[in-house]
Amino acid sequence: MIKAIGYRAAQALIVAALIGVLTFLMMRALPGDIAFRIAAGRYGYDAVNAAAAEAVRQELNLDQSALAAFFQWFGDLLRLDFGRSVISGRPVVEEIRHQLGASLQLAGAALAISLFIGPPLGVLAGLRAGGWLDRSLLVVSTALRSVPQFMLGLLLIVIVSIQLRWLPPAGYGQVAHFILPATTLALGLAAVSARVARDAMAGVASSSYYAFGRWKGLDEGQVFRRHGLRNIGVPLVTFIGLQLVMLVEGVVVIESIFAWPGIGHALVHAIFGRDVPMVQATALMLGIGFVALNALVDLLTHWIDPRGAQR
Amino acid sequence: MSAVEHSAIAQQRGNWASTSWLGFTLVGAIILFALVTPLAFPADPAKQSLRHVFAGPDLAAPFGYDHLGRSLMARLAHALRLSLSIAGAAVLSSSVVGIAIGVLAAWQGGWVDRFASLVADSFLALPGLLLVLMVSAIVPLQPLAFWVGLTLVLWIEYFRLTRAAVQRLINSPAVEASRLLGFGPIYVFRRHFWPALAPMMLTLAAFGMATAIMSIAALGFVSVGMRPPTPELGLMMVELLPYYREAPFALMTPVIATFFVLLGLNLVAGGARS
């Protein structure tokens, strides 16, 4: 257990280092004079002149050598000093604090909806493998996984917002704004978790201990609660852990589509404006978030099936 | 997305052969469409003609025209060519890199193995789309950026599977005998390792292609991928979305094409796996 946590902590450090290197390269790869670009980002391309660029160069100390800049960059990262957004000029930490909350709300809602749809349907299908529910679930989930998340979002906007005018296509603040982006993320997740739950349930339901449970007189509900639930729990939670990458990637794309003021939306905006400190902080949040979610899955599988620890 | 997670879909027994053939047919038809239509209906995908804005199909443009009067069929074919070639190139390079490093790591063992595994693990901890997005902001030329970024994402799966397979085989009597007889590493790879790896290659390639096509389209759709006026699937969708009411068919063209490419690739991979 301690080993698993240590592994995840090392992973988090490596992710931070990787993002540090990538964002530093990004800074260096920007075409043209960096001071000019930052000044243009702040004041607009029409209002920028050599004096403004020089002021930016002085302020951000852009004249140092590449190696010195890299060590300074890395030192700042290790001290969790993300600096200021080169576009808005405000501290990055302040900007991402609100965004992180919005992203967590969306991701949490999506995960909750997907757990509500996916595993129950999968279990029902798995209990009667080969039945009509099982077969139609296979078709639906095969079709769903061939629709990328952004396209699902697009289709939902077109059908629900434009055709039926039921829900607002974008925005933030009301419950109605949650429904479309959270459902988009949830459907993709549910398609996978339903299949995993179905396979795990079909395996458990055809096992001899399950048959014995029935044979000794337990009814369907009892045998499922006593012998089914925990046994399908481990593969299910492990696979949900594997597909969390879909959630993190989905947050980037879906937030941008639905104008959700979260981390992913901020990352795409920062990439678009080449606002490197913001790219660094948002990418770091997403990367560390992914590692943290995986650590949570480790803990959860350990709690469901403690046998793993004794090996 | 990893191949492990996709595998759940492939478990249904019985009709896998037919779905796999359906997948091959779909992918084949789309490749044929991308290759042949620009030859049969030669139209410049960037040529605007404002007289034809959202005009219906005619002989020069059998799918009609978009919001700037460009031929939708030409744009779709070129978008598919672009996505398929970037995806194909990324799968090819990542398989070469992944297999090479995997064999090297398992064969050498020791610190080479530990270092290679550490690098793979660190890339694995970073969500793929994030990596592609960051590389695309570093490398100036977009198709090149996607190729590099996707290779960085896709090589890991090849590396892990190759390393596991070779580790299983390296101490087997058969490999030992070959080496005692004086055969070189290339012979050992061809004779002993490749037959163990080959069956997985089709599945990995199909999943890799699907991941690549999805990433390119997703980043195009949120305006941080390919740049206009390049015809690209995600970019076509976001360009045509504001005109959905006037021209729903124009928007549906890239949507349907993307769906069938991914469906075909998923079916190929699912069939090959079971």
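Here the residue index of a chain counts from 1 through its sequence in written order. As a convention, the first chain written is A and the first ligand written is 1, with the rest following in written order. At least 70 in pLDDT is required for a residue's local features to be given in this predicted model, at least 80 for side-chain atom pairs to be given and counted, and no such filter applies to totals for whole chains, interfaces and linings, which use all residues. Values reported for side chains reflect all heavy atoms of the structure, with hydrogen atoms and water molecules removed beforehand.

**As for the overall build of chain B**
Right, so step 1: A tally of regular secondary structure across chain B gives 10 helices and zero strands.
Right, so step 2: N-terminal to C-terminal, the α/β element order of chain B is α-α-α-α-α-α-α-α-α-α.
Right, so step 3: Taking the principal axes of the C-alpha coordinates as reference, chain B spans close to 75 × 45 × 30 Å.
Right, so step 4: Looking at chain B as a whole, 55% of its 274 residues qualify as buried.
Right, so step 5: Contacts: residue pairs with any heavy atoms within 4.5 Å of one another. Restricting to contacts in chain B with at least 6 residues of sequence separation, those with at least 24 account for 69%.
Right, so step 6: Surface exposure here means Shrake-Rupley accessible area, sampled with a 1.4 Å probe, where a residue is shielded only by the protein chains that are shown. Total accessible area on chain B is roughly 11900 Å²; 70% of this is exposed by carbon and sulfur atoms.
Right, so step 7: His is not counted, nor are the chain ends, whereas Lys and Arg count as positive and Asp and Glu as negative. Charged groups are reduced to one reference atom each: NZ for lysine, CZ for arginine, CG for aspartic acid, CD for glutamic acid. When the 16 positive and 11 negative side-chain charges of chain B are each reduced to one mean point, those points stand 7 Å apart. Helix and strand labels come from DSSP, where a helix needs a run of H or I of at least four residues and a strand needs a run of E of at least two; each type is numbered from the N terminus. Relative accessibility under 20% of the residue-type maximum defines a buried residue, over 50% an exposed one, and the middle range a partly exposed one, all with a 1.4 Å probe and only protein chains included.

**A look at the packing of aromatic side chains**
All names here are of chain B.
Right, so step 1: Two aromatic rings, drawn from Phe, Tyr or Trp (for Trp, its six-membered ring), form a pair once their centres lie within 6.5 Å of each other, and the interplanar angle then sorts them: stacked below 30 degrees, edge-to-face above 60, tilted otherwise. As enumerated under the stated definition, the model contains 12 aromatic pairs over all chains in all.
Right, so step 2: Aromatic side chains tryptophan 21 and phenylalanine 24 sit 5.7 Å apart centroid to centroid with 50 degrees between the ring planes, which places their arrangement in the tilted category. Pair noted here: tryptophan 21 and phenylalanine 24 are both in helix α2 (residues 16-40), with a separation of three residues, about one helical turn.
Right, so step 3: Overall, the relative accessible area of 62% leaves tryptophan 21 in the exposed class.
Right, so step 4: Seen from their ring centres, tryptophan 155 and phenylalanine 159 are 5.5 Å apart, and the 55 degrees between their planes marks the pair as tilted. With tryptophan 155 and phenylalanine 159 both in helix α6 (residues 142-170) and four residues apart, the pair spans about one turn of that helix.
Right, so step 5: Its relative accessible area of 2% is what places phenylalanine 159 among the buried residues.
Right, so step 6: Counting every residue linked through ring pairs, the aromatic cluster contains Trp107, Phe189, Phe193 and Trp194.

**Notes on the UniProt feature "transmembrane region" (unreviewed entry) in chain B**
Residues and elements named next belong to chain B.
Right, so step 1: UniProt positions are given in the numbering used here, feature names are shortened, and annotations may be inferred rather than shown by experiment. UniProt tags residues 21-41, 82-106, 118-138, 144-161, 200-227 and 247-269 as "transmembrane region" (unreviewed entry).
Right, so step 2: Across residues 118-138, helical content stands at 86% and strand content at 0%; the span's end C-alpha atoms are separated by 24 Å.
Right, so step 3: Structurally, residues 144-161 is divided into 100% helix and 0% strand, and its ends, taken at the C-alpha atoms, are 26 Å apart.

**A closer look at the environment of Gly89(A)**
All names here are of chain A.
Right, so step 1: Tracing the sequence through the fold places glycine 89 in the loop between α4 (66-78) and α5 (92-127).
Right, so step 2: Owing to a relative accessible area of 26%, glycine 89 belongs among the partly exposed residues under this scheme.
Right, so step 3: Separated by 190 residues in the primary sequence, glycine 89 and valine 279 have C-alpha atoms spaced 14 Å apart.

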